[in-house]
Amino acid sequence: MDDHETDLLDAVRTALIEAGFDPGSGGGEGVHLVRHARGVMVGWLPEEIDELHARTSGAHAPGEAGTGLAGLHHATGLALDSALRTAGFTTETLDDHILVLPPPPA
C-alpha cells in the first residue's frame, strides 16, 4: 500500500469517526473499511443479527427477521454515504458496500 492509499484510508476513517461512526478494519462486525483497487470499501455488518433484531423490533414470526434488518442496513448505508459525501468524498454504491474514490489527480 503506498502513501496515497494509506492517506485515503486514514481520511475515510477520520471522516467516519467525526460523523459518529466507529470504523474498524477488515470485515468484522460494525462499520469496516477495506482497501479496494479503486479506493476504500466501507461496509456494515450488524452485531449478532438475532440480538439486534430483538432490540429493534421485538418479537417476530419466523422469516420476518430479514425485513427489519434490510431496512436497518439500508438506513445505515444512507447515513454512511451521507457522512462521506458531506466530508467531500466521491462515493459509489456497490451491492451493500460504499466505494470511496480517491480525489482526481491535480
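Residues numbered from 1 in each chain as written. Predicted model: local features only at pLDDT ≥ 70, side-chain atom pairs only at ≥ 80, totals over all residues. Heavy atoms only, no water.

S.K.: When you look at the overall build of the protein chain in this model, what are you seeing that I'm missing?
M.R.: A count of helical and extended segments in the protein chain gives 3 helices and 5 strands. Counting from the amino terminus, helix and strand elements in the protein chain follow one another as α-β-β-β-α-α-β-β. A total of 106 residues make up the protein chain; the buried ones form 29% of that total. (Helix = DSSP H or I, 4+ residues; strand = E, 2+ residues; numbered from the N terminus. Buried < 20%, exposed > 50% of the residue type's maximum accessible area, 1.4 Å probe, protein only.)

S.K.: Just checking my understanding: could you explain the pattern of salt bridges for this structure?
M.R.: Pairing between side chains of opposite charge can happen when the charged atoms of each approach one another. For the coordinates displayed, the defined rule picks out 3 salt bridges. The partner of Arg13 in a salt bridge is Asp10, with the nearest N and O atoms 3.8 Å apart. Here Arg13 and its partner Asp10 are both found in helix α1 (residues 3-18), 3 residues apart, which amounts to about one turn of the helix. You can call Arg13 partly exposed: its relative accessible area is 22%. (Salt bridge = Lys/Arg side-chain N within 4 Å of Asp/Glu carboxyl O.)

S.K.: Looking at this structure, how should I read the confidence of the model for the protein chain?
M.R.: Caution applies to low-pLDDT parts of the model: their predicted coordinates are not meant to be read in detail. A residue-level look at the protein chain finds 71% of positions with pLDDT of 70 or above and a mean pLDDT of 80. Within the protein chain, the element-level pLDDT minimum falls on helix α2 (residues 49-57), averaging 54, and the maximum on strand β5 (residues 97-101), averaging 95. (pLDDT = per-residue confidence, 0-100.)

S.K.: What should I look at first to understand the environment of Val31 in this one?
M.R.: When you line up the elements, Val31 lands in strand β2 (residues 30-36). Sequence-wise, Val31 and Arg13 are 18 residues apart; in three dimensions their C-alpha atoms are separated by 9.9 Å. With residues near it in sequence (within four places) discarded, Val31 still touches Leu16, Phe21, Asp22, Pro23, Gly24, Val42, Gly43, Trp44 and Leu80. (Contact = heavy atoms within 4.5 Å.)

S.K.: Mind showing me how you'd approach the nonpolar core here?
M.R.: One broad rule of soluble globular proteins: the nonpolar side chains tend to lie buried together. Counting residues in each nonpolar core, the largest one holds 15 residues, and the members touching the most others are Val12, Leu16, Val40, Val42, Leu84 and Val100. When contributions to this core are tallied by element, the ones reaching two or more residues are α1, β2, β3 (39-45), α3 (65-86) and β5. Top element by residues in this core is α1. It accounts for 5 residues. Discounting residues that sit within four places of it in the chain, Val100 has contacts with Leu8, Val12, Arg38, Gly39, Val40, Val42, Leu84, Phe89, Thr90 and Thr91. (Core = buried A, V, L, I, M, F, W, Y, C linked by side-chain atoms within 4.5 Å.)

S.K.: Sorry if this is basic, but what is going on with unusual backbone geometry here?
M.R.: Excluding glycine, residues mostly have negative phi values, and the peptide bonds linking residues are mostly trans. Even without a glycine there, the phi angle at Asp95 is positive, about 55°. As for its position among the elements, Asp95 is in the loop between β4 (90-94) and β5.

S.K.: For this particular structure, what's the right way to read the pairing of β2?
M.R.: On any regular strand, side chains alternate: one points to one face of the sheet, the next to the other face. In terms of strand pairing, β2 meets β3 through 7 bridges, oriented antiparallel. Residue Leu33 lies in a different strand from β3, and its bridge partner there is Val42. With antiparallel pairing between neighbouring strands as the criterion, β2 and β3 make up a hairpin whose turn holds 2 residues. (Pairing = 2+ DSSP bridges.)

S.K.: What am I meant to see in the side chain of His32 here?
M.R.: In this fold, His32 is placed in strand β2. Note on His32: relative accessible area 5%, which makes it buried. In this structure the side chain of His32 is engaged in a polar contact, spanning 3.3 Å, whose partner is the backbone oxygen of Gly30. (Polar contact = N/O pair within 3.5 Å; in protein donor to acceptor, adjacent residues only side chain to side chain.)

S.K.: Sorry if this is basic, but what is going on with the environment of Pro102 here?
M.R.: In this fold, Pro102 is placed in the segment after β5. Accessibility expressed as a relative area gives 43% for Pro102, which makes it partly exposed. For the pair formed by Pro102 and Phe89, sequence separation is 13 residues and the distance between their alpha carbons is 7.6 Å. In this view, Pro102 contacts Leu8, Arg38 and Gly39; residues no more than four positions away in its chain are not counted.

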